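# Results of the structural survey
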Amino acid sequence: MVLAGEADEWTIERVEDRITTLVRRARGSAAPKVLAANLDHVFAVVSLLEPPAATELIDRLLVLIESGGMHPMLVLNKLDVEGARDWMAPLSAIYEDVGYRVLPVSAKTGEGLEPLRAELCRGMSALIGPSGVGKSSLLNALDPGLALLTGDLSAKSGTGRHTTVSSRLVELRCGGFVADTPGFGDVTLWEVAVEEIAGCFPEFARAEPCRFRGCAHVQEPDCGVREAVESGRIHEARYRSYRKLRDEALERAPY
Ligand SMILES: Nc1nc2c(ncn2[C@@H]2O[C@H](COP(=O)(O)OP(=O)(O)O)[C@@H](O)[C@H]2O)c(=O)[nH]1
Ligand SMILES: [Mg+2]
Ligand SMILES: [Zn+2]
């Protein structure tokens, strides 16, 4: 890691012997860009409202993180916004059923921050999510001394150094390091091979085995995954995301 020049800001430039990685590959570019590696905790961060979190966005983030060999936790921010609590319960249920740890929080009021603090203060973590969901606000709430820019930052990103795809590594007063990754406005930029996608849905592995090895869980007979969807053991929204991500990956495939 190389000091980027400003106090308390680091840029991950090269990482040796990485095991788990968070990779971004722009459309048409051959070399994947490693955003972070060997993280102890990775959080998919969305806001419940303003903007509202769709399951599809959440699933994109979770698949991205799973595809790097990491086990994400899900942070649902902006719990203080009116109506957010109504959306929090069904969303939490979907992802807790899958087995994910769900942390509903408000950077604004501080509600729910303690479990997040406990994780972020140990080892190296990354917050992954679109801009505007409150990633920087959460870090500021945990450590006001950071004074990270929030709010209209993304609107300005077309011109400033924030267009960089490098992660900034922020040191928390409590001892943890957090990679404040750039906003993922376009999560479709993230590349996961078609045949990897099903493995990024942990609940699919708990379904009955499919009749065919290499079953794509689309139209094959005796598909354990589709049976689990029909019987309600796999949430329909998760299966819809799987199909959508798979279709996108097929479109991206060269032939
Ligand atoms: N109501 C509410 N607004 C929040 C909360 N967290 C962040 N915001 C607002 O959401 C906007 C984006 O926050 P920011 O931290 O810059 O998001 P980032 O792009 O993910 O780093 C800012 O206007 C924040 O004030 C929260 O918990 N509640
Ligand atoms: Mg930010
Ligand atoms: Zn199947």
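Model, not experiment: these values are computed from the prediction.

The rules behind these values
- Residues numbered from 1 in each chain as written.
- Chains lettered and ligands numbered in written order.
- Predicted model: local features only at pLDDT ≥ 70, side-chain atom pairs only at ≥ 80, totals over all residues.
- Heavy atoms only, no water.
- Near = heavy atom within 4 Å.
- Polar contact = N/O pair within 3.5 Å; in protein donor to acceptor, adjacent residues only side chain to side chain.
- Areas by Shrake-Rupley, 256 points an atom, 1.4 Å probe, with all protein chains shown as cover.
- Nonpolar A, V, L, I, M, F, W, Y, C, P; charged D, E, K, R; others polar.
- Core = buried A, V, L, I, M, F, W, Y, C linked by side-chain atoms within 4.5 Å.
- Buried < 20%, exposed > 50% of the residue type's maximum accessible area, 1.4 Å probe, protein only.
- Helix = DSSP H or I, 4+ residues; strand = E, 2+ residues; numbered from the N terminus.
- Contact = heavy atoms within 4.5 Å.
- Donors = N, O, S within 2.8 Å, 3.2 Å for Na, K, Ca; no water.
- Tetrahedral: all angles 85-135°; square planar, octahedral: opposite > 155°, others 65-115°.
- Salt bridge = Lys/Arg side-chain N within 4 Å of Asp/Glu carboxyl O.
- Expected span 1.5 Å × (residues − 1).
- pLDDT = per-residue confidence, 0-100.
- Axes fitted to C-alpha atoms, helices over the stretch in contact; angles between N-to-C directions.
- Left-handed = near helix turned anticlockwise from the far one by under 90°.

## Comments concerning the site of ligand 1
- Around ligand 1, the structure places 17 residues, and the nearest of them are Asp80, Gly132, Lys135, Ser137 and Gly151.
- Valine 133 is positioned such that a nitrogen or oxygen atom in its backbone is 3.4 Å from an oxygen atom of ligand 1.
- Here an oxygen atom of ligand 1 sits 3.0 Å away from a polar atom, N or O, in the main chain of glycine 134.
- Expressed as a share of its isolated accessible area of 580 Å², the protein-covered part of ligand 1 is 79%.
- For the shell around ligand 1, a count of residues per class yields four nonpolar, nine polar and four charged.

## Let's talk about the nonpolar core
- In this structure, Ile58, Leu74, Leu76 and Tyr95 are the most contacted members of the largest nonpolar core, which totals 28 residues.
- At six residues, helix α2 (residues 84–98) tops the list of elements feeding residues into this core.
- Contacts of tyrosine 95, omitting those with residues within four sequence positions, involve Thr55, Ile58, Asp59, Leu62, Leu74, Tyr100, Val102 and Arg238.

## Here's the deal with the coordination of the zinc ion (ligand 3)
- Here the zinc ion (ligand 3) is held by Cys210 (SG), Cys215 (SG), His217 (ND1) and Cys223 (SG), and the distances to it run 2.1 to 2.4 Å.
- Around the zinc ion (ligand 3) sit four donor atoms; with metal-centred angles ranging over 101 to 115°, the donor geometry is tetrahedral.

## Examining the pattern of salt bridges
- For the structure shown, the criterion picks out 12 salt bridges.
- For lysine 244, the salt bridge is made with glutamate 56, and the minimal N-O distance between the two is 3.4 Å. Taken together, the residues lysine 244 in helix α8 (residues 236–252) and glutamate 56 in helix α1 (residues 55–67) connect sequence positions 188 residues apart.
- A residue is classified by how much of its surface remains accessible, and lysine 244, at 39% relative accessible area, is partly exposed.
- Take glutamate 56: its relative accessible area is 27%, and that puts it in the partly exposed class.
- When the shortest N-O distance is used, the salt bridge between glutamate 236 and arginine 240 registers 4.0 Å.

## Things to note about the environment of proline 209
- By secondary structure assignment, the location of proline 209 is in the loop between α6 (194–197) and α7 (224–230).
- Take proline 209: its relative accessible area is 70%, and that puts it in the exposed class.
- Sequence separation between proline 209 and cysteine 223 is 14 residues, and the spatial gap between their C-alpha atoms is 7.4 Å.

## Points about α8
- The terminal C-alpha atoms of α8, which comprises 17 residues, lie 24 Å apart, in line with the 24 Å expected from a rise of 1.5 Å per residue.
- Of all the residues in α8, the buried ones are Ala237, Arg238, Tyr239, Ser241, Tyr242, Leu245, Arg246, Glu248 and Ala249.
- Looking at the buried side of α8, the elements it contacts are α1, α2, α6 and α7.

## Some points on unusual backbone geometry
- The omega torsion across glutamate 50 and proline 51 is -5°, close enough to zero to call that bond cis.
- Residue glutamate 50 is not a glycine yet carries a positive backbone phi of 55°.
- Checked against the element boundaries, glutamate 50 lands in the loop between β5 (41–47) and α1.
- For glutamate 50, a relative accessible area of 53% translates into the label exposed.
- Here the phi dihedral of histidine 217 falls at roughly 60°; this positive angle occurs in a residue that is not glycine.
- With respect to the element layout, histidine 217 can be found in the loop between α6 and α7.
- A relative accessible area of 9% means that histidine 217 is categorised as buried.

## A few points about the confidence of the model for the protein
- Per-residue confidence for the protein gives a mean pLDDT of 82; residues scoring 70 or more make up 75%.
- Across residues 1–7 the pLDDT falls below 50, and counting only partners more than four positions away or on other chains, this stretch makes 14 contacts in the model.
- Across residues 153–165 the pLDDT falls below 50, and counting only partners more than four positions away or on other chains, this stretch makes 13 contacts in the model.

## Considerations on the packing of α1 against α8
- Running from N to C, α1 and α8 cross one another at 65°; their axes reach a closest spacing of 9 Å. Every pair of crossing elements has a handedness; the one defined by α1 and α8 is right-handed. Residues Thr55, Glu56, Asp59, Arg60, Leu62 and Val63 of α1 form the contact with α8, whose own contacting residues are Ala237, Arg238, Ser241, Lys244, Leu245 and Glu248.
- When its residues are assigned to classes, the contact of α1 with α8 shows four nonpolar, two polar and six charged.

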